Amino acid sequence: MQPEPWLRGPIPGIDALLAPALYAFQQAREDLARHTEGLTPEQLWARPWGLGPAGFHLRHIAGSVERLVTYLEGRQLTESQLAATRTEMEAGAGREELLAAIDAALNAAEAAVRRVDPATFAQPREVGRQRLPSTVLGLLTHIAEHTQRHVGQAVSAAKLARAVG
């Protein structure tokens, strides 16, 4: 078995403070693929004890990464992005479709991270309709940790759905 991404060595050409986000994205891909393998559509969208389904967490990871990168790039969300947040809990999408959406969102995020100049880490960014204050580094950190938080929830939801299904 291969070591976790952060134990595979430095990423050539990437600043050491940018690398953790890229490691987190790869870890998310690998963990989600492994822990959702073999889930039926029913298990993917099951809500044992009213908890959020694995499918929701997969869809939310893709959408939230895209939205947070929008803020990272100094932009505000579009109406389409806002509307998508209201449909994240809707069942129906299959595992492969959801993993493909995550991969696309993470690929775009990786490209955005690679464009970040470390000299801009302290530059201000505004988040949300209230335009709450953050920074480039704050958003990079949050994109990585928020993704990993939902990976953990998706893995737990998948394990629980298998246990009760």
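As shown above, the structure is provided for reference.
Engineer: Tell me what's going on with the overall build of the chain, and back it up with residues and numbers.
Structural biologist: Within the chain, the regular secondary structure consists of six helices and two strands. Traced from its N-terminal end to its C-terminal end, the chain shows the element sequence α-α-α-α-α-β-β-α. Rg of the C-alpha trace for the chain: 16 Å, near the compact-globule value of 15 Å for 165 residues, within the 12% margin. Along the three orthogonal principal directions, the C-alpha set of the chain runs to about 50 × 40 × 25 Å. A buried classification covers 45% of the 165 residues belonging to the chain. Within the chain, contacts between residues separated by at least 24 positions form 72% of all contacts whose residues are at least 6 apart in sequence. Surface exposure of the chain reaches about 8,800 Å², of which carbon and sulfur atoms provide 57%. Of note, the chain has its 17 positive side-chain charges centred 3 Å away from the centre of its 18 negative side-chain charges.

Engineer: Account for the pairing of strand E2 (residues 132-135), naming residues and giving values.
Structural biologist: As defined by bridge partners, strand E1 (residues 124-127) adjoins E2 across four bridges and the pair is classed as antiparallel. If you follow Pro124 over to E2, its bridge partner there is Thr135. Between E1 and E2, which follow one another and run antiparallel, lie four residues, and Gly128 among them has a positive phi close to 80 degrees.

Engineer: Outline the nonpolar core, supporting the account with residue identities and numerical values.
Structural biologist: Core analysis: the largest hydrophobic core is formed by 47 residues, its most contacted members being Phe25, Leu32, Leu58, Val65, Leu72, Ile102 and Leu140. Looking at this core, the elements that each hand over two or more residues are helix H1 (19-36), helix H3 (54-72), helix H5 (95-115) and helix H6 (136-164).

Engineer: Now, about the pattern of salt bridges: what can you tell me, with residues and values included?
Structural biologist: By the definition in use, this model includes ten salt bridges. Linking Glu30 and Arg8 is a salt bridge whose minimum nitrogen-to-oxygen distance equals 2.8 Å. You can see Glu30 sitting in helix H1 and its partner Arg8 sitting in the segment before H1, a full 22 residues away along the chain. In this structure Arg8 comes out as partly exposed when scored by relative accessible area, which is 33%.

Engineer: Please provide a residue-by-residue account of unusual backbone geometry, values included.
Structural biologist: The phi dihedral of Trp49 is positive, around 55 degrees, even though this residue is not glycine. Looking at the secondary structure, you find Trp49 in the loop between helix H2 (41-44) and H3. Even without being glycine, Arg131 reaches a positive phi, approximately 55 degrees. By the element assignment, Arg131 lies in the loop between E1 and E2. Note on Arg131: relative accessible area 44%, which makes it partly exposed.

Engineer: Could you give me a rundown of a nonpolar patch on the surface, with the residues and numbers involved?
Structural biologist: Taken together, the side chains of Trp49, Leu51 and Val164 make up a nonpolar region of the molecular surface, amounting to roughly 370 Å² of accessible area. Examined against the element boundaries, Val164 turns out to sit in helix H6. Of the residues examined, Val164 reaches a relative accessible area of 46% and is grouped as partly exposed.

Engineer: Can you break down H5 residue by residue, with the values?
Structural biologist: At 3.6 residues per turn, the α-helix brings residues three or four places apart onto the same side. Here H5 contains 21 residues, and its C-alpha end-to-end distance of 30 Å stays within 8% of the 30 Å for a straight helix at 1.5 Å per residue. Turning to H5, its buried residues are Arg95, Leu98, Leu99, Ile102, Ala105, Leu106, Ala109, Glu110, Ala112 and Val113. Burial along H5 is one-sided: seen end-on, the buried residues are contained in an arc of 160 degrees. Turned more than 90 degrees from where H5 packs its buried face, Glu96, Glu97 and Arg115 sit exposed. Against the buried residues of H5 lie H1, H2, H3 and H6.

Reading the values: the criteria
- Residues numbered from 1 in each chain as written.
- Predicted model: local features only at pLDDT ≥ 70, side-chain atom pairs only at ≥ 80, totals over all residues.
- Heavy atoms only, no water.
- Helix = DSSP H or I, 4+ residues; strand = E, 2+ residues; numbered from the N terminus.
- Rg over C-alpha atoms; globule rule 2.2 N^0.38 Å.
- Buried < 20%, exposed > 50% of the residue type's maximum accessible area, 1.4 Å probe, protein only.
- Contact = heavy atoms within 4.5 Å.
- Areas by Shrake-Rupley, 256 points an atom, 1.4 Å probe, with all protein chains shown as cover.
- Lys, Arg positive; Asp, Glu negative; His and termini not counted.
- Charge placed at Lys NZ, Arg CZ, Asp CG, Glu CD.
- Pairing = 2+ DSSP bridges.
- Core = buried A, V, L, I, M, F, W, Y, C linked by side-chain atoms within 4.5 Å.
- Salt bridge = Lys/Arg side-chain N within 4 Å of Asp/Glu carboxyl O.
- Patch = residues over 30% accessible without salt bridge, like charges linked within 9 Å, V, L, I, M, F, W, Y side chains within 5 Å.
- Expected span 1.5 Å × (residues − 1).
- Arc of directions from axis to C-beta.

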